[in-house]
Amino acid sequence: MKSSRLGMGLLAALALAWGCQKKEAGEIRIGEYGSLTGNTATFGQSTHKGVLLAVEEANAAGGVLGKKITLITEDDQSKPEEARTAALKLIRQDKVIALIGEVASSRSLAAAPEAQRAKIPMISSASTNPQVTQVGDFIFRACFIDPFQGGTMARFAFEDLKVRRVAMLVDIKNDYSVGLSQFFEKTFKELGGEIIASESYSEGDIEFRAQLTKIRESKPEAIFVPGYYTEAGLIAKQARELGLAIPLLGGDGWDSTVTLEIGKEAVEGVYFSNHYASDDPSPRIQEFIAKFKKRWEGEVPDAMAVLGYDAANMLLDAIRRAGEPDPIKIRDQLAATKEFAGVTGDMMIDADRNARKPIVILKIEGGKFKFVKSLAPQ
């Protein structure tokens, strides 16, 4: 990774955590792969900060099972093929006993088969597509899944916003976006709503006016845009330029300050689902924010940072309960997780290795993400 792509503080931390150093006696190696550069770099950088904070805390307390935790991190450049390569390198060359990654479902789906084949437990911090854990019994996640997320946004649109006619603009090259749109559509129709238009784009596109013009012609009351922050911000700007002053709805892929930087006033009034709200007064959340800000020069953590922290601590907890750094026993203890107090909420791992936990809805207001409501899993 080129140093010009990251801040000096993060580079200093990575210098301690990265590398292919000779394995030391008395260490437990954990691998992390993420999008430290590329189209969704803020996701990977934020996740890494959360993961590293959890590892540093564990080591400061004496390590796990009396051993130091060594975190080895690989950049997948926001590309599925690189995610697979990174996972293979961590498993075969670095001999890690577990993996943490990825935020994007498409990249987790690329790497998960390698972890499954090697019988190395993998925890995705934020991949919400149901297919991720269906890869096999060594694949877990620390986040909710899209049937819950998509259904929640559909119910919010129908019951809270009182809209009945919704259009969708979907990234067809993104497993996350496609899956989330399908679950939104299913629930919205079941409630009595109508999807009156569905247009598509591909990650990396910068021009959306043709699709938005078609959507405008269908006269929707809201638009669901289940994509990532770069395109989401541009879509919001172009929608407003075309006179679409209706509510825009999104998923957790909107959670980045880049959304605000790109969209500016165009994203005001947007609602999106997420994993936590930084303005939640919960002592657990506010204590974490204080620790994170102290470690990372006053930075307020986004949801990806919190999920990275939760995923790492869930893994460390499983290693402790396993009694030894054995991948099979760690897998068994991850599957047995029933009461884990994460920053993003109390959670349990269900029979499909998914985390059952709350979801929050945020609104962009005054250039900030504001808490609207929280819902428990059904």
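This structure is a prediction, so every number in the text was calculated from the model and none was measured. (Residues numbered from 1 in each chain as written. Predicted model: local features only at pLDDT ≥ 70, side-chain atom pairs only at ≥ 80, totals over all residues. Heavy atoms only, no water.)

On the basis of which strands lie adjacent, the open sheet formed by five strands has the order β2-β1-β3-β4-β5 and parallel pairing. What marks the edges here is a single partner per strand, and that holds for β2 (68–75) and β5 (139–141). Of the strand pairs in this sheet, strand β3 (residues 99–100) and strand β4 (residues 122–124) are connected by two bridges, and their pairing is parallel. Looking at the pairing, I100 lines up with I123 of β4. Where helix α2 (residues 41–60) meets the sheet, its contacts fall on β1 (27–34), β2 and β3, and the angle it forms with β2 comes to roughly 165°. (Pairing = 2+ DSSP bridges. Helix = DSSP H or I, 4+ residues; strand = E, 2+ residues; numbered from the N terminus. Contact = heavy atoms within 4.5 Å. Axes fitted to C-alpha atoms, helices over the stretch in contact; angles between N-to-C directions.)

Within the secondary structure, L191 sits in helix α7 (residues 175–191). A relative accessible area of 28% means that L191 is categorised as partly exposed. Sequence separation between L191 and V225 is 34 residues; the distance between their C-alpha atoms is 19 Å. Not counting chain neighbours up to four residues away, the residues in contact with L191 comprise A154, R155, F158 and E159. (Buried < 20%, exposed > 50% of the residue type's maximum accessible area, 1.4 Å probe, protein only.)

Glancing now at the packing of helix α3 (residues 80–93) against helix α4 (residues 105–118). When two helices pack together, their arrangement is captured by the angle between the axes and the distance separating the axes. The geometry of α3 relative to α4 is characterised by a closest axis approach of 7 Å and an angle of 30° between their N-to-C directions. It follows that α3 is roughly parallel to α4 by the angle criterion. You can see that α3 and α4 cross each other, and the crossing is right-handed. Contact residues: P80, A83, R84, A87, L88 and I91 in α3; S106, R107, A110, A111, E114, A115 and A118 in α4. When its residues are assigned to classes, the contact of α3 with α4 shows nine nonpolar, one polar and three charged. (Parallel < 35°, antiparallel > 145°, perpendicular 65-115°, else oblique. Left-handed = near helix turned anticlockwise from the far one by under 90°. Nonpolar A, V, L, I, M, F, W, Y, C, P; charged D, E, K, R; others polar.)

On to the nonpolar core. F184, F188, L315 and I319 are the most contacted members of the largest nonpolar core, which totals 71 residues. The dominant element in this core, judged by the number of residues it contributes, is helix α12 (residues 303–322), at 14 residues. Once residues within four sequence positions are removed from consideration, I319 is found in contact with I28, I30, V64, L65, I97, E324 and I330. Listed in part, the 28 residues of the second largest apolar core include A167, L169, L248 and L260. (Core = buried A, V, L, I, M, F, W, Y, C linked by side-chain atoms within 4.5 Å.)

With that out of the way, let us pick up the side chain of S125. Mapped onto the fold, S125 is located in the loop between β4 and α5 (131–134). Judged by relative accessible area, which is 1%, S125 ranks as buried. Aside from chain neighbours lying at most four places away, what touches S125 is T47, G101, E102, V103, A142, C143, L307, G308 and A311.

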